[in-house]
Amino acid sequence: MVMLAMIAAAALGESTVSENPTLRYNVQPWTEAVVSVEDIASAKRLFVELGDWHVSAKGALDRSELDYWKLPGTVTGEYERVCAPKVHTGCIRFVSFAGVEQRPIRLAARAWDTGGIYSIMVRSDNVPALFDAAIKMGWWAESEPVRFTFGQSDLRNVVLTGPHGINIAVYERISPAFTAFPVGRISQGFNSMRMVKDRPKARDFYRDLLGFSVLFDSASEPADPARSNFGIPLNYTPTIKRAAAALQPRTGETGRVEVMQIDGFTGGSDYSSLASPPNLGIISLRYPVDDLAAYRASLERRGVKVTYSAAKVKIDGGYVTDIFAVRDPDGNITEFYDSGMFALRKQIEEMVK
(Lines give C-alpha, C1' and ligand atoms only; values in the text may rest on other atoms or scores of the structure.)
Protein backbone atom coordinates (compact mmCIF):
# COMPACT_ATOMS: atom_id res chain seq x y z
CA MET A 1 0.00 0.00 0.00
CA VAL A 2 2.87 2.39 0.73
CA MET A 3 4.10 1.70 -2.82
CA LEU A 4 0.75 2.98 -4.15
CA ALA A 5 1.27 6.23 -2.30
CA MET A 6 4.78 6.53 -3.82
CA ILE A 7 3.38 5.97 -7.31
CA ALA A 8 0.74 8.63 -6.67
CA ALA A 9 3.46 11.01 -5.50
CA ALA A 10 5.41 10.51 -8.72
CA ALA A 11 2.34 10.98 -10.90
CA LEU A 12 0.91 14.04 -9.15
CA GLY A 13 4.04 15.79 -8.02
CA GLU A 14 5.58 15.60 -4.56
CA SER A 15 4.38 19.08 -3.53
CA THR A 16 0.75 18.23 -4.33
CA VAL A 17 0.93 15.04 -2.29
CA SER A 18 2.64 16.68 0.68
CA GLU A 19 -0.05 19.39 0.80
CA ASN A 20 -2.98 16.94 0.62
CA PRO A 21 -3.21 14.49 3.53
CA THR A 22 -5.55 12.08 1.71
CA LEU A 23 -2.87 11.59 -0.96
CA ARG A 24 0.11 11.74 1.35
CA TYR A 25 -1.28 9.08 3.69
CA ASN A 26 -3.25 7.25 0.99
CA VAL A 27 -6.87 7.54 2.11
CA GLN A 28 -8.76 5.15 -0.17
CA PRO A 29 -12.45 5.04 -1.21
CA TRP A 30 -14.84 3.95 1.51
CA THR A 31 -15.14 0.18 1.71
CA GLU A 32 -18.40 0.01 3.62
CA ALA A 33 -21.30 1.92 5.08
CA VAL A 34 -22.30 0.87 8.59
CA VAL A 35 -26.10 0.57 8.85
CA SER A 36 -27.89 -0.18 12.13
CA VAL A 37 -31.09 -2.23 11.80
CA GLU A 38 -33.33 -4.37 14.00
CA ASP A 39 -33.51 -7.33 11.62
CA ILE A 40 -30.55 -7.95 9.30
CA ALA A 41 -32.34 -10.60 7.24
CA SER A 42 -35.10 -8.24 6.13
CA ALA A 43 -32.75 -5.28 5.65
CA LYS A 44 -30.33 -7.12 3.34
CA ARG A 45 -33.07 -8.79 1.28
CA LEU A 46 -33.28 -5.99 -1.32
CA PHE A 47 -29.57 -6.25 -2.06
CA VAL A 48 -29.24 -10.02 -1.97
CA GLU A 49 -32.40 -10.96 -3.88
CA LEU A 50 -32.62 -8.08 -6.36
CA GLY A 51 -28.95 -7.07 -6.66
CA ASP A 52 -27.26 -10.46 -6.30
CA TRP A 53 -25.11 -9.14 -3.45
CA HIS A 54 -23.35 -11.74 -1.31
CA VAL A 55 -22.50 -12.01 2.38
CA SER A 56 -18.72 -11.59 2.72
CA ALA A 57 -18.61 -11.83 6.53
CA LYS A 58 -20.98 -12.35 9.44
CA GLY A 59 -20.94 -13.07 13.15
CA ALA A 60 -21.17 -11.55 16.60
CA LEU A 61 -19.94 -8.00 17.16
CA ASP A 62 -16.73 -8.23 19.15
CA ARG A 63 -16.58 -6.53 22.54
CA SER A 64 -13.70 -4.38 21.28
CA GLU A 65 -15.90 -2.85 18.57
CA LEU A 66 -18.77 -2.25 21.00
CA ASP A 67 -16.34 -0.57 23.41
CA TYR A 68 -14.96 1.55 20.56
CA TRP A 69 -18.50 2.84 20.00
CA LYS A 70 -18.73 3.60 23.76
CA LEU A 71 -21.70 1.28 24.25
CA PRO A 72 -22.56 -0.17 27.70
CA GLY A 73 -21.09 -3.50 28.67
CA THR A 74 -24.53 -5.10 28.55
CA VAL A 75 -24.89 -4.45 24.81
CA THR A 76 -24.34 -7.27 22.34
CA GLY A 77 -24.84 -7.45 18.61
CA GLU A 78 -24.55 -9.24 15.29
CA TYR A 79 -23.33 -8.11 11.89
CA GLU A 80 -23.41 -9.12 8.24
CA ARG A 81 -21.25 -7.49 5.60
CA VAL A 82 -22.81 -7.67 2.13
CA CYS A 83 -21.09 -6.67 -1.12
CA ALA A 84 -22.10 -6.31 -4.75
CA PRO A 85 -20.73 -8.86 -7.24
CA LYS A 86 -17.07 -8.58 -8.28
CA VAL A 87 -16.14 -5.71 -5.92
CA HIS A 88 -14.61 -5.24 -2.47
CA THR A 89 -15.62 -1.61 -1.86
CA GLY A 90 -18.95 0.18 -1.48
CA CYS A 91 -20.28 -2.64 0.71
CA ILE A 92 -22.83 -2.39 3.53
CA ARG A 93 -22.18 -3.67 7.03
CA PHE A 94 -25.55 -4.28 8.66
CA VAL A 95 -25.33 -4.32 12.46
CA SER A 96 -28.05 -5.28 14.93
CA PHE A 97 -27.70 -4.34 18.60
CA ALA A 98 -29.39 -5.98 21.59
CA GLY A 99 -29.70 -4.95 25.21
CA VAL A 100 -30.03 -1.21 24.61
CA GLU A 101 -32.73 1.32 23.75
CA GLN A 102 -32.79 2.52 20.15
CA ARG A 103 -34.73 4.83 17.88
CA PRO A 104 -34.47 5.63 14.18
CA ILE A 105 -32.01 8.46 13.58
CA ARG A 106 -34.21 10.21 10.99
CA LEU A 107 -37.62 9.22 12.34
CA ALA A 108 -40.45 10.86 10.32
CA ALA A 109 -37.87 13.07 8.57
CA ARG A 110 -38.42 14.79 5.25
CA ALA A 111 -35.59 15.04 2.76
CA TRP A 112 -34.81 18.65 3.70
CA ASP A 113 -34.47 17.89 7.42
CA THR A 114 -30.85 17.95 8.55
CA GLY A 115 -28.70 15.59 10.61
CA GLY A 116 -28.06 11.90 10.11
CA ILE A 117 -26.83 10.39 6.85
CA TYR A 118 -29.67 10.67 4.34
CA SER A 119 -28.76 8.00 1.79
CA ILE A 120 -26.34 5.55 0.25
CA MET A 121 -26.05 6.01 -3.53
CA VAL A 122 -25.84 3.05 -5.93
CA ARG A 123 -26.20 2.57 -9.68
CA SER A 124 -28.58 0.34 -11.61
CA ASP A 125 -28.97 -0.87 -15.18
CA ASN A 126 -32.78 -0.57 -14.92
CA VAL A 127 -34.25 1.84 -12.36
CA PRO A 128 -37.94 1.31 -13.31
CA ALA A 129 -37.65 -2.47 -12.93
CA LEU A 130 -35.81 -2.13 -9.61
CA PHE A 131 -38.39 0.39 -8.39
CA ASP A 132 -41.29 -1.97 -9.15
CA ALA A 133 -39.56 -4.93 -7.49
CA ALA A 134 -38.57 -2.90 -4.42
CA ILE A 135 -42.13 -1.64 -3.90
CA LYS A 136 -43.42 -5.22 -4.09
CA MET A 137 -40.83 -6.13 -1.47
CA GLY A 138 -42.19 -3.51 0.93
CA TRP A 139 -39.84 -0.59 0.27
CA TRP A 140 -41.25 2.89 -0.47
CA ALA A 141 -40.28 6.12 -2.23
CA GLU A 142 -40.96 9.86 -2.09
CA SER A 143 -41.60 9.82 -5.85
CA GLU A 144 -41.58 7.56 -8.86
CA PRO A 145 -38.33 7.50 -10.89
CA VAL A 146 -37.30 10.91 -12.21
CA ARG A 147 -35.35 11.49 -15.44
CA PHE A 148 -33.00 14.49 -15.67
CA THR A 149 -29.68 15.66 -17.04
CA PHE A 150 -26.60 16.42 -14.96
CA GLY A 151 -23.67 17.82 -16.90
CA GLN A 152 -23.32 15.58 -19.95
CA SER A 153 -25.19 12.67 -18.38
CA ASP A 154 -28.76 11.58 -19.08
CA LEU A 155 -29.92 10.02 -15.80
CA ARG A 156 -32.85 8.26 -14.20
CA ASN A 157 -33.08 8.28 -10.39
CA VAL A 158 -35.28 7.19 -7.52
CA VAL A 159 -34.77 7.27 -3.75
CA LEU A 160 -35.97 4.01 -2.18
CA THR A 161 -36.88 4.03 1.52
CA GLY A 162 -36.58 0.87 3.60
CA PRO A 163 -36.53 -0.15 7.26
CA HIS A 164 -36.06 2.66 9.81
CA GLY A 165 -36.12 5.33 7.08
CA ILE A 166 -32.93 4.07 5.41
CA ASN A 167 -32.67 5.60 1.94
CA ILE A 168 -30.97 4.04 -1.08
CA ALA A 169 -30.61 6.55 -3.93
CA VAL A 170 -30.46 4.65 -7.22
CA TYR A 171 -29.02 6.13 -10.43
CA GLU A 172 -29.25 4.75 -13.95
CA ARG A 173 -27.02 6.50 -16.47
CA ILE A 174 -28.83 6.19 -19.75
CA SER A 175 -26.06 7.94 -21.66
CA PRO A 176 -23.16 7.97 -21.99
CA ALA A 177 -22.62 4.34 -21.01
CA PHE A 178 -21.16 3.82 -17.54
CA THR A 179 -18.20 1.42 -17.46
CA ALA A 180 -16.12 2.36 -14.39
CA PHE A 181 -17.34 -0.59 -12.30
CA PRO A 182 -19.93 -3.40 -12.61
CA VAL A 183 -23.49 -2.08 -12.37
CA GLY A 184 -26.16 -4.78 -12.64
CA ARG A 185 -29.51 -4.25 -10.95
CA ILE A 186 -27.88 -2.80 -7.78
CA SER A 187 -24.23 -1.78 -7.90
CA GLN A 188 -21.81 -1.15 -5.07
CA GLY A 189 -22.28 2.05 -3.10
CA PHE A 190 -20.33 4.92 -4.65
CA ASN A 191 -21.56 8.01 -2.77
CA SER A 192 -23.49 8.99 0.33
CA MET A 193 -25.73 12.01 0.85
CA ARG A 194 -26.16 14.03 4.01
CA MET A 195 -28.55 16.99 4.39
CA VAL A 196 -26.80 19.92 6.03
CA LYS A 197 -27.63 23.30 7.55
CA ASP A 198 -24.75 25.14 5.87
CA ARG A 199 -23.33 23.68 2.65
CA PRO A 200 -20.17 25.84 2.52
CA LYS A 201 -19.34 24.95 6.13
CA ALA A 202 -19.92 21.23 5.52
CA ARG A 203 -17.97 21.33 2.23
CA ASP A 204 -15.06 23.11 3.89
CA PHE A 205 -14.92 20.47 6.64
CA TYR A 206 -14.39 17.66 4.15
CA ARG A 207 -12.15 19.71 1.84
CA ASP A 208 -10.03 21.84 4.18
CA LEU A 209 -9.92 19.63 7.27
CA LEU A 210 -10.16 16.05 5.98
CA GLY A 211 -8.33 16.86 2.74
CA PHE A 212 -10.96 15.59 0.30
CA SER A 213 -11.05 17.08 -3.21
CA VAL A 214 -14.19 18.71 -4.63
CA LEU A 215 -15.82 16.84 -7.51
CA PHE A 216 -18.57 19.42 -7.97
CA ASP A 217 -20.05 22.33 -6.04
CA SER A 218 -23.30 23.72 -7.42
CA ALA A 219 -26.23 25.88 -6.36
CA SER A 220 -28.01 26.07 -9.73
CA GLU A 221 -31.68 25.07 -10.11
CA PRO A 222 -33.99 24.85 -13.15
CA ALA A 223 -35.99 28.04 -13.66
CA ASP A 224 -39.14 26.10 -14.52
CA PRO A 225 -40.99 23.57 -12.33
CA ALA A 226 -39.38 20.13 -12.51
CA ARG A 227 -40.20 16.83 -10.84
CA SER A 228 -38.23 16.24 -7.66
CA ASN A 229 -36.88 12.99 -6.26
CA PHE A 230 -36.98 14.56 -2.77
CA GLY A 231 -40.76 14.90 -2.52
CA ILE A 232 -40.79 18.66 -3.15
CA PRO A 233 -44.16 19.68 -4.67
CA LEU A 234 -43.84 20.52 -8.37
CA ASN A 235 -44.96 24.15 -8.02
CA TYR A 236 -42.37 24.75 -5.29
CA THR A 237 -39.34 23.40 -7.16
CA PRO A 238 -38.34 26.78 -8.73
CA THR A 239 -38.30 28.48 -5.31
CA ILE A 240 -37.01 25.71 -3.01
CA LYS A 241 -33.28 26.00 -3.54
CA ARG A 242 -30.96 22.99 -3.46
CA ALA A 243 -27.20 23.40 -3.29
CA ALA A 244 -24.82 20.45 -3.20
CA ALA A 245 -21.14 19.59 -3.17
CA ALA A 246 -19.58 16.17 -3.73
CA LEU A 247 -16.11 15.34 -2.45
CA GLN A 248 -13.76 12.34 -2.46
CA PRO A 249 -10.33 11.41 -1.09
CA ARG A 250 -8.99 10.62 -4.57
CA THR A 251 -10.11 10.85 -8.17
CA GLY A 252 -12.47 8.10 -9.32
CA GLU A 253 -16.07 6.93 -9.44
CA THR A 254 -16.26 5.63 -5.85
CA GLY A 255 -15.61 6.73 -2.28
CA ARG A 256 -17.61 9.93 -2.48
CA VAL A 257 -19.51 11.92 0.10
CA GLU A 258 -22.09 14.56 -0.81
CA VAL A 259 -23.53 17.43 1.22
CA MET A 260 -26.82 19.11 0.26
CA GLN A 261 -28.59 22.15 1.66
CA ILE A 262 -32.28 22.63 0.85
CA ASP A 263 -33.59 26.14 1.58
CA GLY A 264 -37.13 27.50 1.42
CA PHE A 265 -39.07 25.42 3.92
CA THR A 266 -39.48 26.59 7.52
CA GLY A 267 -39.90 24.62 10.73
CA GLY A 268 -37.79 21.65 9.68
CA SER A 269 -36.19 19.23 12.14
CA ASP A 270 -32.55 18.49 12.92
CA TYR A 271 -31.52 14.94 13.85
CA SER A 272 -27.79 15.42 14.44
CA SER A 273 -28.04 14.60 18.17
CA LEU A 274 -29.36 11.13 17.28
CA ALA A 275 -26.74 10.25 14.66
CA SER A 276 -24.83 7.73 16.79
CA PRO A 277 -24.82 3.99 17.43
CA PRO A 278 -26.87 2.14 18.59
CA ASN A 279 -29.63 4.18 16.92
CA LEU A 280 -31.18 2.84 13.74
CA GLY A 281 -30.16 4.06 10.32
CA ILE A 282 -26.99 4.82 8.35
CA ILE A 283 -24.29 5.27 11.00
CA SER A 284 -21.09 5.95 9.06
CA LEU A 285 -18.76 5.40 6.13
CA ARG A 286 -15.44 3.60 6.64
CA TYR A 287 -12.30 4.64 4.73
CA PRO A 288 -9.06 2.59 4.78
CA VAL A 289 -5.84 4.58 5.25
CA ASP A 290 -2.25 3.42 4.70
CA ASP A 291 -0.68 5.59 7.41
CA LEU A 292 -3.54 5.92 9.85
CA ALA A 293 -1.58 7.46 12.74
CA ALA A 294 -0.02 10.15 10.56
CA TYR A 295 -3.34 10.99 8.93
CA ARG A 296 -5.02 11.29 12.33
CA ALA A 297 -2.23 13.55 13.56
CA SER A 298 -2.64 15.78 10.51
CA LEU A 299 -6.38 16.10 11.17
CA GLU A 300 -5.86 16.94 14.83
CA ARG A 301 -3.34 19.64 13.86
CA ARG A 302 -6.13 21.16 11.76
CA GLY A 303 -8.44 21.17 14.79
CA VAL A 304 -10.52 18.08 13.96
CA LYS A 305 -11.87 16.42 17.10
CA VAL A 306 -11.76 12.63 17.22
CA THR A 307 -15.10 11.26 18.47
CA TYR A 308 -14.30 7.54 18.68
CA SER A 309 -10.90 5.87 18.74
CA ALA A 310 -9.50 2.43 19.54
CA ALA A 311 -6.55 0.17 18.76
CA LYS A 312 -6.72 -3.50 17.85
CA VAL A 313 -10.46 -3.61 17.26
CA LYS A 314 -11.57 -7.05 16.09
CA ILE A 315 -13.78 -6.77 13.01
CA ASP A 316 -14.95 -9.64 10.79
CA GLY A 317 -13.81 -12.39 13.14
CA GLY A 318 -10.04 -12.61 12.87
CA TYR A 319 -9.33 -9.18 11.35
CA VAL A 320 -7.89 -6.65 13.80
CA THR A 321 -7.43 -2.96 13.04
CA ASP A 322 -6.86 0.46 14.54
CA ILE A 323 -9.76 2.82 13.87
CA PHE A 324 -10.98 6.33 14.66
CA ALA A 325 -14.01 8.46 13.79
CA VAL A 326 -14.80 12.15 13.38
CA ARG A 327 -18.03 14.12 13.09
CA ASP A 328 -18.81 16.74 10.45
CA PRO A 329 -20.56 20.03 11.42
CA ASP A 330 -23.94 18.26 11.17
CA GLY A 331 -22.95 15.40 13.47
CA ASN A 332 -22.43 12.74 10.79
CA ILE A 333 -19.76 10.13 11.49
CA THR A 334 -16.88 9.30 9.15
CA GLU A 335 -14.52 6.48 10.16
CA PHE A 336 -10.92 5.78 9.14
CA TYR A 337 -9.12 2.48 9.71
CA ASP A 338 -5.76 0.84 8.98
CA SER A 339 -5.78 -0.31 5.34
CA GLY A 340 -3.80 -3.44 6.19
CA MET A 341 -7.03 -5.12 7.30
CA PHE A 342 -8.76 -4.27 4.00
CA ALA A 343 -5.82 -5.56 1.95
CA LEU A 344 -5.71 -8.85 3.88
CA ARG A 345 -9.47 -9.38 3.62
CA LYS A 346 -9.42 -8.66 -0.12
CA GLN A 347 -6.55 -11.11 -0.64
CA ILE A 348 -8.33 -13.88 1.25
CA GLU A 349 -11.63 -13.28 -0.58
CA GLU A 350 -9.81 -13.53 -3.92
CA MET A 351 -8.19 -16.82 -2.87
CA VAL A 352 -11.56 -18.28 -1.82
CA LYS A 353 -13.18 -17.56 -5.20
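In what follows, the accompanying structure is described. (Residues numbered from 1 in each chain as written. Predicted model: local features only at pLDDT ≥ 70, side-chain atom pairs only at ≥ 80, totals over all residues. Heavy atoms only, no water.)

1. As for the overall build of the protein
- A tally of regular secondary structure across the protein gives 9 helices and 17 strands.
- For 353 residues, the compact-globule estimate of 2.2 N^0.38 gives 20 Å, and the protein sits close to it at 19 Å.
- Of all 353 residues assigned to the protein, the portion counted as buried reaches 55%.
- Considering only residue pairs separated by 6 or more positions, the protein has 70% of its internal contacts joining residues 24 or more positions apart.
- Looking at the protein as shown, the accessible area adds up to about 15000 Å², and 53% of this sits on carbon and sulfur atoms.
- Distance between charge centroids for the protein: 1 Å, based on 40 positive and 41 negative side chains. (Helix = DSSP H or I, 4+ residues; strand = E, 2+ residues; numbered from the N terminus. Rg over C-alpha atoms; globule rule 2.2 N^0.38 Å. Buried < 20%, exposed > 50% of the residue type's maximum accessible area, 1.4 Å probe, protein only. Contact = heavy atoms within 4.5 Å. Areas by Shrake-Rupley, 256 points an atom, 1.4 Å probe, with all protein chains shown as cover. Lys, Arg positive; Asp, Glu negative; His and termini not counted. Charge placed at Lys NZ, Arg CZ, Asp CG, Glu CD.)

2. Topic: the nonpolar core
- Ranked by size, the top nonpolar core spans 55 residues in total, and within it F94, L210, F212, Y295 and F336 carry the most contacts.
- Setting aside residues up to four positions removed in sequence, Y295 forms contacts with P21, T22, Y25, V27, L210, F212, V289, F324 and F336.
- Residues L66, V75, Y271 and V313 belong to the second largest nonpolar core, which totals 23 residues. (Core = buried A, V, L, I, M, F, W, Y, C linked by side-chain atoms within 4.5 Å.)

3. As for the environment of I174
- Examined against the element boundaries, I174 turns out to sit in strand β9 (residues 167-175).
- Here I174 falls in the partly exposed class, since its relative accessible area comes to 31%.
- In contact with I174, other than residues within four places in its own chain, are R147, D154, L155 and R156.

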